[in-house]
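# Geometric and topological summary
Here is what each chain is made of, one letter per residue.
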Amino acid sequence: MSGAGGWWRAKTTPAKVETYTRWSFHFFAVIEVTAIGLPVLGEAGGAFSGWMTAMVVVHAVLCALTASRALDWTRGRREQPVRLLWLLGAATYAFAVTALVLRRHGAPGDAVHSAAATVFVGILAFGAGTTALGVRDRRRAVALIAGFACGAGAVSVPPAVPGVAALVTAAVVFLAAGFLAATSAFSIWLLNAVYELDEARETRARLAVAEERLRFGRDLHDVLGRNLAVIALKSELAVRLARRERPEAVEQMIEVQRIAQESQREVRAVVRGYRDADLASELAGAQGVLAAAGIACTVTGDTAGLPAEVQSALGWVVRETTTNVLRHGDAGQCTVSLRVTEGRVVLTVENDGVAPRADGGGSGQGGGSGIAGLRERLAAVAGTLEAGPVGTDGFRVVASVPLTGRTADVNLSGVTS
């Protein structure tokens, strides 16, 4: 049971929807056998019922195979199963005509006639509905179903069934096949929509990272652009003055040195501002990003009064764990709690939707350079970090930082992630 549950939890949401859709199509084959084949087997009796049931079972298996191949085709994994569609169509009409022949020349009795009529209508309805899955255009699908219905009426007219009954047969085949085709088409549309939404979420996450990189690049450009231009001009002026043995060359090089040192300080300030994370801003940003990705995020706790170095360290924990929630697993809910207890600030981030590994452990969310970098940052303020799976599909990160008694100097700008 745990193996089956782990197999299901390891799937992403689009994969789960696709599995559900595929097995729904297979369930149509089960319905065909149980609703048509088994009643015929118990109603007619004898060799007649055996042949009828065998035809229904073979036709149901062929429908299930065609539906599965058609689903792969709609997802772009294989070419359109043209030959299989033609085979299903030919088998459907062959089995339907066989049912009429057995009805006319088989064993006498109302039970036999009723069983043959049921097989005739059911096979045509399931065959037409399944074949419509292999047609992408709606008009062609409707025309295909109408063709099956007209064929059912035409074949049943001479000489077994009166004209009115033939029209009723055609109408029943059209409505039943149309219902199956519409249900299947809606399932495929829903599956494609789920995949598109998942791709959009991944694209949004990549765009957020790209936007942050552009912002950082703009800040560096604004800081270094003017200073480097001034350094280039003054260096060129110093070279010309030195060639003329003018004493002003020394003053120009001193100015170049001053501007270079100032540029170094400004770059450090930009990097420090980029690396230092305000905890309140990071919590609000994480909640907004996760909500935009369709993940319910609950934040509890107050950041007021916390030291700047504590907020910066925990802010990086929020930033890194939010990235992990977006990139790993298939989270639907995330909770972030902040509390102060026994002189320590404890930040807990927990999310669901983490696929377990084959060895029974958690996902790779708990390892890697991101978590290692967070441990280095927290170590700089005498903090600790624990990360690992919780429950069946959850993951929890707990960061703890003391309010006082630091054992190391805070130098977050020098710690690499």
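Residues numbered from 1 in each chain as written. Predicted model: local features only at pLDDT ≥ 70, side-chain atom pairs only at ≥ 80, totals over all residues. Heavy atoms only, no water.

With six of eight residues buried, strand E3 (residues 344-351) lies mostly within the body of the structure. Note that strand E2 (residues 333-341) and E3 share eight bridges and pair antiparallel. Residue Val340 lies in a different strand from E3, and its bridge partner there is Val345. Between E2 and the antiparallel strand that follows it, E3, lie two residues; Glu342 among them carries a positive phi value of about 55°. (Buried < 20%, exposed > 50% of the residue type's maximum accessible area, 1.4 Å probe, protein only. Helix = DSSP H or I, 4+ residues; strand = E, 2+ residues; numbered from the N terminus. Pairing = 2+ DSSP bridges.)

Turning our eyes to something else, we now look at the environment of Arg22. Structurally, Arg22 is set in helix H2 (residues 13-43). For the pair Arg22 and Arg69, spaced 47 residues apart in sequence, the C-alpha separation works out to 9.9 Å. Once residues lying within four places of it in the same chain are set aside, the contact partners of Arg22 are Ser68, Leu71, Asp72 and Arg77. (Contact = heavy atoms within 4.5 Å.)

With that out of the way, let us pick up unusual backbone geometry. With a phi close to 60°, Glu245 is a non-glycine residue in the positive phi region. Here Glu245 is to be found in the loop between helix H7 (163-243) and helix H8 (248-275). Of note, Ala382 is a non-glycine position whose phi angle comes to about 60°, a positive value. Relative to the assigned elements, Ala382 resides in the loop between helix H11 (368-379) and strand E4 (384-390).

Before going further, it helps to examine the pattern of salt bridges. Under the counting rule described, the total for this entry stands at eleven salt bridges. Two residues, Arg22 and Glu18, come together in a salt bridge whose shortest N-O distance is 3.0 Å. Highlighted residues: Arg22 and Glu18, both in helix H2, separated by four residues, approximately one helical turn. Given the relative accessible area of 18%, Arg22 is considered buried. Between Arg246 and Glu248 there is a salt bridge, with the nearest N and O atoms lying 3.3 Å from each other. A relative accessible area of 38% places Arg246 in the partly exposed class. Via salt bridges that share partners, Glu18, Arg22, Asp72, Arg77 and Arg78 belong to a single interconnected network. (Salt bridge = Lys/Arg side-chain N within 4 Å of Asp/Glu carboxyl O.)

That is the geometry; function is a separate question.
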